[in-house]
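Structural features, examined
Single-letter residue listing:
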Amino acid sequence: MLTLNLPQDLQALRDEFAVDNRINIASIWHPASCDLLEQTLRQQTTFDHAIVNEGKALSIPDQVLRELPAAEKQRIQQQLWQGAADGFGFYYGTHRIDRPQPSPTTPPLLQQVHQLLNSDAVLAAVRQISGFDDICYASAQATRYSSGHFLTRHSDVVAQEGRRVAYVFGFTKEWHPDWGGLLQFFSEDGQSKDSWTPSFNNLAMFDVRHPHSVTYITPFAKASRYSITGWFRANPPA
């Protein structure tokens, strides 16, 4: 049974969140739960390739990408880099947890995470911390960032989904900031404000209007950056 360590003093967290509409909470899971989730992400979860190709967001199964002709792989890579150079691009491993019908490839433990995030207790806590009283649903995906992966600067506003707060549960036990993978925040004019290094057993939450990125994972990174991410939303799935 997964156990979240929801903080008791939610008002203090709300005061902290209100300073810049973001917060990073440590030790959010019971240690045994966090260890089990980390192992599940690292050993039992299959990841597709989330990319932008010709301006469209795609999720390509690993086997499909492997079987593409070399020329097509090169074309996709060039399109990806061109989009990123022009200001919009991403490339990382993804496993969608919140499918309308659970996938047989989704580990049951990850399905439990989605159920837990949509429990009354968790949604009520997020509403109190963030100040968004209309939050009623949490989406969820597992992500893996390895060498060559990145997410360029953007905001997460999607009006039809009613996104309010983005979240990132960290499951990265050992990380050096020189490896990349930093959750970086920007001012509206594109100036870097600060960044959060990948961590283990933490919960980062921030207003979806915050411009942010995940910095490029270097070729010399010795590990992968694992997380469960999504948005707390005012609109449930259609």
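The sections below set out a description of the structure shown in this document.

Calculation notes
- Residues numbered from 1 in each chain as written.
- Predicted model: local features only at pLDDT ≥ 70, side-chain atom pairs only at ≥ 80, totals over all residues.
- Heavy atoms only, no water.
- Helix = DSSP H or I, 4+ residues; strand = E, 2+ residues; numbered from the N terminus.
- Rg over C-alpha atoms; globule rule 2.2 N^0.38 Å.
- Contact = heavy atoms within 4.5 Å.
- Areas by Shrake-Rupley, 256 points an atom, 1.4 Å probe, with all protein chains shown as cover.
- Phe/Tyr/Trp six-rings, centres within 6.5 Å; stacked < 30°, edge-to-face > 60°.
- Buried < 20%, exposed > 50% of the residue type's maximum accessible area, 1.4 Å probe, protein only.
- Lys NZ or Arg CZ within 6 Å of the ring centre and 35° of its normal.
- Expected span 1.5 Å × (residues − 1).
- Core = buried A, V, L, I, M, F, W, Y, C linked by side-chain atoms within 4.5 Å.
- Polar contact = N/O pair within 3.5 Å; in protein donor to acceptor, adjacent residues only side chain to side chain.
- Axes fitted to C-alpha atoms, helices over the stretch in contact; angles between N-to-C directions.
- Parallel < 35°, antiparallel > 145°, perpendicular 65-115°, else oblique.

If you tally the helices and strands in the protein, you get six helices and 13 strands. At 17 Å, the protein has a C-alpha radius of gyration in line with the 18 Å of a compact globule built from 238 residues. For the protein, the C-alpha atoms occupy an extent of roughly 55 × 45 × 40 Å along the three principal directions. Put simply, 80% of the contacts in the protein that link residues at least 6 apart link residues at least 24 apart. Carbon and sulfur atoms provide 51% of the accessible area of the protein, an area that totals close to 12000 Å².

A separate point is the packing of aromatic side chains. One pass over the full model with this rule turns up 11 aromatic pairs. Relative to Phe 171, the ring of Trp 29 has its centre 6.4 Å away and its plane inclined at 40°; by these criteria the two rings are tilted. Of the two residues, Trp 29 sits in the loop between β1 (22-26) and α2 (31-43) while Phe 171 sits in strand β8 (residues 163-171), which places them 142 residues apart along the sequence. Each of the two residues, Trp 29 as well as Phe 171, counts as buried. A cation sits over an aromatic face here: Arg 22 above Phe 185, 4.5 Å from the ring centre. The ring of Trp 231 has Arg 163 sitting right over it, with the charged end atom 3.5 Å from the ring centre.

Our next topic: helix α4 (residues 70-85). Over its 16 residues, α4 extends 22 Å from the first C-alpha to the last, a length consistent with the 22 Å expected when each residue adds 1.5 Å. In the segment just after α4, Gly 87 is the residue with positive phi, at about 115°.

Membership of the largest hydrophobic core comes to 37 residues, with the highest contact counts inside it found for Trp 29, Tyr 167, Phe 169, Phe 171, Met 205, Ile 228 and Phe 232. Contributions of two or more residues to this core are made by α1 (10-20), β1, α2, α5 (108-117), α6 (120-130), β8, β11 (200-207) and β13 (225-233). Of all the elements, α6 adds the most residues to this core, at five residues. With near-sequence residues (within four places) excluded, Tyr 167 lies in contact with Leu 117, Ser 139, Ala 140, Leu 203, Ala 204, Met 205, Ile 228, Thr 229, Gly 230, Trp 231 and Phe 232. Listed in part, the 11 residues of the second largest apolar core include Phe 90, Tyr 92, Leu 151 and Trp 175.

The next point concerns the side chain of Asp 98. The residue Asp 98 is located in the loop between β4 (90-96) and α5 in this model. Side-chain polar atoms of Asp 98 contact the side chain of Arg 96, separated by 2.7 Å. A distance of 3.2 Å separates a polar atom in the side chain of Asp 98 from the backbone nitrogen of Ala 140. When neighbours within four sequence positions are excluded, Asp 98 is seen to be in contact with His 114, Tyr 137, Ser 139 and Ala 140.

Turning next to unusual backbone geometry. Phi angles above zero are rare outside glycine, and Ser 27 is one such case at about 50°. We note that Asn 201 has phi near 60°; this positive angle belongs to a residue other than glycine.

With that settled, consider the packing of α1 against α6. The axes of two packed helices give the description: the angle between them and the distance between them. Relative to each other, α1 and α6 sit at 45°, their axes nearing to 7 Å. When the axis of α1 is compared with that of α6, the two are oblique. Of the residues in α6, those touching α1 at Leu 10, Gln 11, Leu 13, Arg 14 and Phe 17 are Ala 125, Arg 127, Gln 128, Ile 129 and Ser 130.

By themselves, these are just geometric observations and shouldn't be taken as functional.
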